[in-house]
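Descriptive structure summary
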Amino acid sequence: MMKLPRWFGRPAILMTEAPKGPWGQGDDDGKSGPRNPWAVPPGGRKSGAKPTALDEFLRRARSGNGGGPHLPPGVNARNLWLIGTAIVVAIWLVFTSVHQIGPQQRGVVTYFGRYSGILQPGIRLTLPAPIVDVEKVDVEQVRNDDFPRDGGENVLTGDRNIIDLAYTVRWRVENPRDFVFEIKDPEETVRATAESAMRAVVATTTLNEAIGAGRTTIEARVARAMQEILDDYQAGVRVQGVSIKQASAPASLIDDFNAVTAKQQEAVANLNNARSYSQQVIAQAEGEAATFDKMYEEYKLAPEVTRRRMYYETMEAVLRRTDKVIVETPGVAPWVPIDKLRKLPDNAEVQVQAQPAQPAQPAQQQGAQR
């Protein structure tokens with residue numbers, strides 16, 4: 001038989017006695033113990049004394065009138081609590097179960113934190129949170145990241161020179177599931193990958209290539225290296241391109257580098273001029289050789305006629321640039337300045353100067369003069 005502890009019998013004994021407070025029986029005469037300070041004094045309150053703030057507070061507390069808002073008659077407070085709770089639950093269901101996915105977005109669904117699926121654009125319904133959570137990811141926006149965020153970035157080239165480099169990386173989300181779950185901070189991961197790829201590519205190029213015509217090659221190599229690294233991470237990111245905005249020498253050496261660049265451009269210009277002149281000379285020589293070949297063909301057909309024609313053409317070319325005087329047998333013919341006629345206007349008159357005829361000399365004397 002189970003015995004009950006002793007203290008289970010005490011309440012019956014205690015109930016036979018009047019309850020006692022910390023102030024005794026609470027009699028007004030004060031003989032049975034200390035008087036209750038909250039009770040009315042034995043002689044009553046003094047006439048004309050105003051009630052204290054504590055008395056007013058106790059009076060309101062006992063009557064239930066605390067000065068707050070009162071419910072209209074016939075309205076139950078419990079029903080109001082139920083209605084308010086129902087409204088809150090309805091709002092919670094609407095805001096956590098109905099999802100509007102934009103045309104450029106995809107919704108990544110998680111069921112108690114575990115991947116469940118992808119929501120396509122439109123109005124979609126799911127279980128409320130925290131059972132199901134939906135994270136919207138923009139898969140069409142092209143994000144631009146500028147490197148570095150402030151100032152220029154010093155990068156070491158393959159020939160141990162330092163250049164100030166500034167560039168921009170364009171990328172977008174290709175796989176929303178991998179973008180959300182595979183890496184902790186996708187944006188910072190993309191930035192770290194871009195910086196690493198750029199330094200690795202520039203370290204294999206020379207200074208002239210980095211600040212000159214090799215920028216296009218560097219941009220393509222950096223984009224390809226970034227994509228390979230991000231694919232290994234399964235980041236769900238597609239690199240759209242890399243653009244180098246600035247690639248110059250440090251500020252302390254900018255004047256010297258500008259002088260070297262100017263000399264290089266001058267050398268390239270001189271080389272291009274030399275090539276152009278050589279092409280002109282070669283084209284002229286080839287034309288003259290082709291003309292000579294044609295003349296030789298004609299010469300083989302009629303040697304005497306061709307020889308005479310060549311003589312006439314040569315004499316015409318020589319005499320065209322000299323002054324000529326025609327001498328006849330009886331004497332000197334009048335001299336007509338044909339070269340001056342070409343320079344005078346059309347209405348000008350030219351006087352022909354005639355020299356007096358000289359007596360004919362003997363044939364022997366004329367032969368000696370010749």
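Residues numbered from 1 in each chain as written. Predicted model: local features only at pLDDT ≥ 70, side-chain atom pairs only at ≥ 80, totals over all residues. Heavy atoms only, no water.

Re the overall build of the protein chain
Each helix and strand counted, the protein chain has 11 helices and 9 strands in total. Every one of the 370 residues in the protein chain was classed for burial, and the buried ones make up 20%. Relative to all contacts within the protein chain whose residues are 6 or more apart in sequence, the contacts with residues 24 or more apart total 61%. Accessible surface, the protein chain: about 28600 Å² in total, of which carbon and sulfur atoms supply 56%. (Helix = DSSP H or I, 4+ residues; strand = E, 2+ residues; numbered from the N terminus. Buried < 20%, exposed > 50% of the residue type's maximum accessible area, 1.4 Å probe, protein only. Contact = heavy atoms within 4.5 Å. Areas by Shrake-Rupley, 256 points an atom, 1.4 Å probe, with all protein chains shown as cover.)

So, the nonpolar core
Side chains of a nonpolar character, in soluble globular proteins, are inclined to be buried together. Leu165, Met198 and Met226 are the most contacted members of the largest nonpolar core, which totals 34 residues. Contributions of two or more residues to this core are made by strand S8 (162-173), helix H5 (186-202), helix H6 (207-211), helix H7 (215-233) and strand S9 (237-248). The next biggest cluster of nonpolar side chains, apart from the first, holds 5 residues, and it includes Val109, Leu119, Val132 and Val134. (Core = buried A, V, L, I, M, F, W, Y, C linked by side-chain atoms within 4.5 Å.)

Quick look at the packing of aromatic side chains
For any pair of aromatic rings, the description rests on two quantities: the centre-to-centre distance and the angle between the ring planes. This structure, assessed with the given rule, holds 5 aromatic pairs. Between Trp171 and Phe179, the ring centres sit 6.3 Å apart and the planes meet at 35°, which makes this aromatic pair tilted. For Phe179, a relative accessible area of 11% translates into the label buried. Plain terms: the ring middles of Tyr311 and Tyr312 are 5.9 Å apart, the flat faces sit at 55° to each other, and that makes the pair tilted. (Phe/Tyr/Trp six-rings, centres within 6.5 Å; stacked < 30°, edge-to-face > 60°.)

So, the pairing of strand S7 (residues 153-156)
Here S7 shows a buried face lined by Glu153 and Val155 and an unburied face lined by Asn154 and Leu156. Bridge analysis of S7 against S8 gives 4 bridges, and the strand direction is antiparallel. Its bridge partner being in S8, Glu153 is matched across the sheet by Leu165. Hairpin geometry of S7 and S8 is characterised by an intervening segment of 5 residues between the two adjacent antiparallel strands and by a positive phi of about 65° at Arg160. (Pairing = 2+ DSSP bridges.)

Thoughts on the confidence of the model for the protein chain
Residues with a pLDDT of 70 or more make up 66% of the protein chain, whose mean pLDDT is 77. Across the protein chain, the element-wise mean pLDDT spans from 42 in helix H11 (residues 363-369) up to 94 in H7. A low-confidence stretch, residues 1-16 stays under pLDDT 50, and its non-local contacts, those more than four residues away or across chains, total 0 contacts. Low confidence marks residues 352-370, where pLDDT is under 50. Its contacts with residues over four positions away, or in another chain, come to 10 contacts. (pLDDT = per-residue confidence, 0-100.)

Section: the sheet that holds strand S3 (residues 114-119)
Spatial ordering of the open sheet is given by S3-S2-S5, a layout of 3 strands whose pairing is antiparallel. Taken across any chain shown, the strands that pair with only one partner, and hence form the sheet edges, are S3 and strand S5 (132-138). Strand-to-strand twist across the sheet, computed as the mean angle between neighbouring axes with direction ignored, equals 25°. The sheet contact formed by strand S2 (residues 105-111) and S3 spans 5 bridges and is antiparallel. By the bridge assignment for S3, Val108 is matched with Ile118. (Axes fitted to C-alpha atoms, helices over the stretch in contact; angles between N-to-C directions.)

Quick word on a nonpolar patch on the surface
A grouping of Leu80, Ile83, Ile87, Ile91, Val94, Phe95, Val98, Ile123 and Leu125 is seen on the molecular surface, where their side chains present a nonpolar patch of about 920 Å² in accessible area. Sorting the residues of the nonpolar patch by element identifies helix H3 (77-97) and strand S4 (122-125) as the ones contributing at least two each. Among the elements that take part in the nonpolar patch, H3 stands out by supplying 6 residues, more than any other. Position of Ile91 among the secondary structure elements: in helix H3. (Patch = residues over 30% accessible without salt bridge, like charges linked within 9 Å, V, L, I, M, F, W, Y side chains within 5 Å. Salt bridge = Lys/Arg side-chain N within 4 Å of Asp/Glu carboxyl O.)

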